[in-house]
Amino acid sequence: AQSVTQLGSHVSVSEGALVLLRCNYSSSVPPYLFWYVQYPNQGLQLLLKYTTGATLVKGINGFEAEFKKSETSFHLTKPSAHMSDAAEYFCAVRRAGNMLTFGGGTRLMVKP
Amino acid sequence: ETGVTQTPRHLVMGMTNKKSLKCEQHLGHNAMYWYKQSAKKPLELMFVYSLEERVENNSVPSRFSPECPNSSHLFLHLHTLQPEDSALYLCASSQEGSSYYEQYFGPGTRLTVT
């Protein structure tokens, strides 16, 4: 069975600092992994995805994530946080069919 | 309209009311989903429709009744809800059978049950 754990339900960084949001997964099959972002009062928007190929994946808004099979991780990073990055971030892994299993989410706060 | 749209965006209803949530996707997808998002709880998958047939129902109470009349439209009919049903209800769509597995979400309907 597939599952996702996001370490830290809240992360606070200063504007301009590195953003690191952690995601660990378990999967009985080669995983397809996703990061979504949710701004207040909005739905989830796809940031990036890993299916096969290059393990460093670049997404929108300057975010990237690296698939590390040996660590079963897919951490999300951004070199320099911006105030507009404040949102909730969800990691997800594909399971049977096109269904996704989501992590519990991490709320990112950016301090001026 | 583009992407996935949901109406209404906000809904307040009493426990004895009947209402419906509507979702429409403009992406040509063939699978649609209802999720419930409550405060401090993980995203909960409620129903999945693939090619207009229900393929998953995650033990959702019968006071929630989905309907998928065609591949572009999805409804969630609500009746005799409880206060704990207050949540953000999200609709999503995807293309079953393709190599692109991501789901595209609508903005959600914020439901308050009084």
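Residues numbered from 1 in each chain as written. Chains lettered and ligands numbered in written order. Predicted model: local features only at pLDDT ≥ 70, side-chain atom pairs only at ≥ 80, totals over all residues. Heavy atoms only, no water.

### Focus: the state of the cysteines
The condition that has to hold: Sulfur atoms of two cysteines make up a disulfide when they are within 2.5 Å. Runs of H or I in DSSP of at least four residues are treated as helices and runs of E of at least two as strands, each being numbered from the N terminus. Exposure classes here rest on a 1.4 Å probe applied to the protein chains alone. A residue is buried below 20% of its type maximum, exposed above 50%, and partly exposed in between.
As enumerated under the stated definition, the model contains two disulfides over all chains in all. Disulfide partner of A:Cys23: A:Cys91, at an S-S distance of 2.0 Å. Across the disulfide from A:Cys23 to A:Cys91, rotation about the S-S bond amounts to roughly -65°, and the bridge is consequently left-handed. Of this pair, A:Cys23 sits in strand E3 (residues 19-26) while A:Cys91 sits in strand E9 (residues 87-94), and the two are 68 residues apart along the sequence. Exposure remark for A:Cys23: the relative accessible area of 0% places this residue in the buried category. Note on cysteine connectivity: B:Cys23 is disulfide-linked to B:Cys91, with sulfurs 1.9 Å apart. With the S-S bond torsion at -70°, the cross-link from B:Cys23 to B:Cys91 turns out left-handed. Placement of B:Cys23 in strand E3 (residues 18-25) and of B:Cys91 in strand E9 (residues 87-94) is noted, with a sequence separation of 68 residues between them. Note on B:Cys23: relative accessible area 0%, which makes it buried.

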